[in-house]
Amino acid sequence: MTAKELYQTILTKKSYLCVGLDTDIRRIPAHLRQEPDPVAAFNRQIIEATAEYAVAYKPNIAFYEAQGPRGWESLQRTLEYIPENCFTIADAKRGDIGNTSGLYARTFFDPASSGLNFDSVTVAPYMGRDSVEPFLEFEDKWVILLALTSNNGSADFQQLPVSGEKLYEKVIRTSQTWAGADRMMYVVGATRTDELAHIRTLIPNHFLLVPGVGAQGGSLAEVSRYGLNSQCGLLVNASRSILYASDGPDFARRAADEARTLQQEMAGFL
């Protein structure tokens, strides 16, 4: 999906909502656990209930890897359920060098190899340019680079001073020489709105993937105030607040209610 296509979907749906499919088999409703593939069955109903309001879906790969081979099958089925007009994100946080990085890219971008065909993948920048470039070799695919995350440990490295700037700032500045705003996005945590306005001065035209709204306490209003640009430039992720709005038979309807509430708020900001 191109940036133009993504922006058009945002305008059509009046939404920049990304639904995080962090599906924990231990938390899905009991009545689904007798299904041949409980995770895929749960995801399918979540997707069908929220597709009217969401422009993107983001499976966190760890939740599928933890299930072994059947988890990868659930992931493949889940990807097939996502409508074609929605942007897909493999939240894998991969980062290695050389042929290893190339194989990670094939995993998520080459359906002939793995059966998966995501639009984008999250990538850790710690190992530098040659750990990111193999992902950019796939035409019309996106890298979503970790920049400033909201976890407590982010200060251990991301905020360290390096040659007169913070390390996360250096990551953003340097990585802009690897690809433009049509191929690269950045992860910025929703609880870091104190620095979001500054980040916008560094990357005024890029999309930002912003997790942390909802169960993690991030403010959609604050994120929108400081993060929106002329082409929207935001994908705001909500996971648990949508997935687990109910643990009963009404889980899909309650998920739709949560997604609708966020979408309506986003429509006002757009």
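Look a little higher up for the structure.
Residues numbered from 1 in each chain as written. Predicted model: local features only at pLDDT ≥ 70, side-chain atom pairs only at ≥ 80, totals over all residues. Heavy atoms only, no water.

Draft legend 1. Spatial organisation of the overall build of the chain. Looking only at helices and strands, one finds 12 helices and 10 strands in the chain. Here the C-alpha radius of gyration of the chain, 18 Å, is about what a compact globule of 270 residues would show, namely 18 Å. Based on the C-alpha atoms only, the size of the chain along its principal axes is roughly 55 × 45 × 35 Å. Looking at the chain residue by residue over its 270 residues, the buried ones come to 53%. For the chain, long-range pairs separated by at least 24 residues make up 72% of all intrachain contacts whose partners lie at least 6 apart in sequence. (Helix = DSSP H or I, 4+ residues; strand = E, 2+ residues; numbered from the N terminus. Rg over C-alpha atoms; globule rule 2.2 N^0.38 Å. Buried < 20%, exposed > 50% of the residue type's maximum accessible area, 1.4 Å probe, protein only. Contact = heavy atoms within 4.5 Å.)

Draft legend 2. Examining the packing of helix α5 (residues 98-109) against helix α7 (residues 129-136) more closely. Interhelical geometry of α5 versus α7 gives an angle of 35 degrees and a closest axis separation of 8 Å. You can see that α5 and α7 cross each other, and the crossing is right-handed. Two secondary-structure elements touch here, α5 through G98, S101, G102, Y104, A105 and F109 and α7 through D130, S131, P134 and F135. Within the contact of α5 with α7, the residues separate by chemical class into five nonpolar, four polar and one charged. (Axes fitted to C-alpha atoms, helices over the stretch in contact; angles between N-to-C directions. Left-handed = near helix turned anticlockwise from the far one by under 90°. Nonpolar A, V, L, I, M, F, W, Y, C, P; charged D, E, K, R; others polar.)

Draft legend 3. Region of interest: unusual backbone geometry. Despite not being glycine, D140 shows a phi value in the positive range, around 65 degrees. Tracing the backbone through its elements, the reader meets D140 in the loop between α7 and β5 (142-148).

Draft legend 4. A look at the packing of helix α2 (residues 38-50) against helix α4 (residues 69-81). α4 packs onto α2 with a crossing angle of 20 degrees between their chain directions and a minimal axis gap of 9 Å. By the angle between their axes, α2 is roughly parallel relative to α4. Considering how the two elements wind past one another, α2 and α4 form a crossing that is right-handed. For the pair α2 and α4, the contacting residues are V39, A40, N43, R44 and I47 in the first and S74, R77, T78 and Y81 in the second. Looking at side-chain class alone, the contact of α2 with α4 contains four nonpolar, three polar and two charged residues. (Parallel < 35°, antiparallel > 145°, perpendicular 65-115°, else oblique.)

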